[in-house]
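Report on the structure
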Amino acid sequence: MASSFRAFLNSPVGPKTSHFWGPVANWGFVVAGLVDMKKPPEMISGNMTTAMCIYSALFMRFAWMVQPRNYLLLTCHASNETVQLYHLSRWARYQGYLSEKKEEAPSK
């Protein structure tokens, strides 16, 4: 147990590196997004939510491409992407962008 913990401490993605603390700090975005699910859709900023979606998408790619691969960062941004896309859909529905179109009955 002690040797595996020591190996984790000294690993390239362990708590002595930014590969660990960056994703830990970014989980705050996910938690904030989950808390915001209770807020009404008129409080959502479409521009900021779009920016957060782009940010998380870019950093998901970065987390995959960086060596060693940072799975913690990838998971964090995938979670944030999911939450932000949900908020973007709530905002778009509220704005009327995703409203269902009613089909007109054919006139006789």
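Parameters at a glance
- Residues numbered from 1 in each chain as written.
- Predicted model: local features only at pLDDT ≥ 70, side-chain atom pairs only at ≥ 80, totals over all residues.
- Heavy atoms only, no water.
- Helix = DSSP H or I, 4+ residues; strand = E, 2+ residues; numbered from the N terminus.
- Rg over C-alpha atoms; globule rule 2.2 N^0.38 Å.
- Buried < 20%, exposed > 50% of the residue type's maximum accessible area, 1.4 Å probe, protein only.
- Contact = heavy atoms within 4.5 Å.
- Areas by Shrake-Rupley, 256 points an atom, 1.4 Å probe, with all protein chains shown as cover.
- Phe/Tyr/Trp six-rings, centres within 6.5 Å; stacked < 30°, edge-to-face > 60°.

A tally of regular secondary structure across the protein gives four helices and zero strands. Of the regular secondary structure in the protein, the N- to C-terminal order runs α-α-α-α. Expected size for 108 residues packed as a compact globule is a radius of gyration near 13 Å; at 20 Å, the protein overshoots this value by more than 25%. By its C-alpha atoms, the protein is 80 × 25 × 25 Å across when sized along the principal axes. Taking all 108 residues of the protein together, 26% fall into the buried category. Pairs at least 24 residues apart make up 66% of the contacts formed inside the protein by residues separated by at least 6 positions. With an accessible surface of roughly 7900 Å², the protein has 64% of that area assigned to carbon and sulfur atoms.

Within a pair of aromatic rings, the relevant descriptors are the distance that separates the centres and the angle that separates the planes. All told, the structure shown has six aromatic pairs when counted by the stated rule. On the numbers, 4.8 Å between centres and 90° between planes, the contact of F20 with W21 is edge-to-face. For F20, a relative accessible area of 17% translates into the label buried. What makes W21 partly exposed here is its relative accessible area of 47%. Relative to F62, the ring of F59 lies with its centre 5.9 Å away and its plane at 65°, an arrangement referred to as edge-to-face. Taken as a pair, F59 and F62 lie in helix α3 (residues 46-65) at a separation of three residues, close to a single helical turn.

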